Amino acid sequence: MTIREIAKILDAEIICCEENADLDVHTACGSDMMSDVLAYVKNQSVLLTGLCNPQVIRTAEMMDIICIVFVRGKRPDEAMIELAVERGIPLLSTGHRMFNTCGLLYDNGLRGGGDF
Amino acid sequence: MYDAIKFTYNVSGDDFTRAGEASSDVKGKLKKMNVPPDAVRKVAISMYEGEINMVIHADGGQITVEITKDCITMILADKGPGIKDIDQAMQAGFSTAPDNIRTLGFGAGMGLPNMKKYSDDMKIETELGVGTTVTMKVFI
Ligand SMILES: Nc1ncnc2c1ncn2[C@@H]1O[C@H](COP(=O)(O)OP(=O)(O)OP(=O)(O)O)[C@@H](O)[C@H]1O
Ligand SMILES: [Mg+2]
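This is a predicted model, so every value here is computed, not measured.

Rules and cut-offs
Residues numbered from 1 in each chain as written. Chains lettered and ligands numbered in written order. Predicted model: local features only at pLDDT ≥ 70, side-chain atom pairs only at ≥ 80, totals over all residues. Heavy atoms only, no water. Helix = DSSP H or I, 4+ residues; strand = E, 2+ residues; numbered from the N terminus. Rg over C-alpha atoms; globule rule 2.2 N^0.38 Å. Buried < 20%, exposed > 50% of the residue type's maximum accessible area, 1.4 Å probe, protein only. Contact = heavy atoms within 4.5 Å. Phe/Tyr/Trp six-rings, centres within 6.5 Å; stacked < 30°, edge-to-face > 60°.

A.B. asks: When you look at the overall build of chain B in this model, what are you seeing that I'm missing?
C.D. replies: Looking only at helices and strands, chain B has five helices and five strands in total. The helix and strand sequence of chain B, counted from the amino end, reads β-α-α-β-β-α-α-α-β-β. Against the compact-globule benchmark of 14 Å for 140 residues, chain B has a radius of gyration of 14 Å, which places it among compact chains. Each principal axis of the C-alpha atoms in chain B carries an extent, and together these give about 45 × 30 × 25 Å. By the burial criterion, 49% of the 140 residues in chain B qualify as buried. Looking at chain B alone, contacts between residues at least 24 apart form 64% of all its contacts between residues at least 6 apart.

Right under this line is the structure:
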């Protein structure tokens, strides 16, 4: 599915980098701990998180993650948006909580990737 | 391809929001130099973990990155408290990070094992009360 479709499914706002919203993604991961994202994520392209600080954008950059979805209505601040824009990473914000966000995307065909 | 190139970064210890700037800069430079994506990623992840450690455990430090045609060497040197027991620190899940670090998304005790995993060679030199130097290599 595309990032734009993710936004629609989650009733999410695309906060920046909408020019990249038609990129195709197949796998996602969800975590509030960047330590775990760095240690366990392999080739997932979307990060779902309730954490909202600049290290979320940097972690995504290091892991070659191409889209970040903030759950529970979290909204990135200007500094975070600037970091994301420099890297061309679309930021989305949804009111859904983590479990429902994952469930909705899974239902629509997005998978976790990896072995487990 | 290119001769040996060297970059040095001063990493500030008092601004967590800026932690990772050096790693981000190196990742951008390596991409521009057409270093293979796999090696770029290994450097980016291992250096970022090391840079975060410097900021949260050692009040900042200095990072030197040397690039030759077949190897990228990262030297992360700090004047922090040092590591009491390296074997223990290397275990997945061991962390002395305070709770406020965990609310920032770090402090799971996964960084050092991850640095070991993503680098091709890693050496830690440390002395209590003096500082820590982590040297990592990624072969291209
Ligand atoms: N540069 C350093 N100076 C002093 N102590 C360090 C340094 N790097 C690591 N340590 C010690 O080693 C422990 C383990 O480090 P590691 O990076 O594996 O986990 P962490 O930083 O606590 O959590 P995470 O990396 O998952 O965010 C740290 O909690 C800290 O006690
Ligand atoms: Mg760490």
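A.B. asks: Quick question: what am I supposed to make of the packing of aromatic side chains here?
C.D. replies: To describe a pair of aromatic rings, one takes the distance between the centres and the angle between the planes. All names here are of chain B. Summed over the entire model, instances satisfying the criterion amount to two aromatic pairs over all chains. Seen in terms of ring centroids, F16 and F106 are 6.0 Å apart; in terms of plane orientation they differ by 75 degrees. Their pairing is edge-to-face. Residue F16 is located in the loop between β1 (5-12) and α1 (21-32), and its partner F106 is located in the loop between α4 (99-102) and α5 (111-118); the two are separated by 90 residues in the primary sequence. Measuring from centroid to centroid gives 6.5 Å for Y48 and F106, while their planes differ by 75 degrees, and the two rings are edge-to-face. Placement of the pair is Y48 in helix α2 (residues 37-58) and F106 in the loop between α4 and α5, with a sequence separation of 58 residues.

A.B. asks: I keep staring at the environment of T68 of chain B and nothing clicks. Help me out?
C.D. replies: Relative to the helices and strands, T68 of chain B is located in the loop between β2 (60-67) and β3 (71-78). Note: C-alpha distance between T68 of chain B and K32 of chain B (36 residues apart in sequence) is 15 Å.

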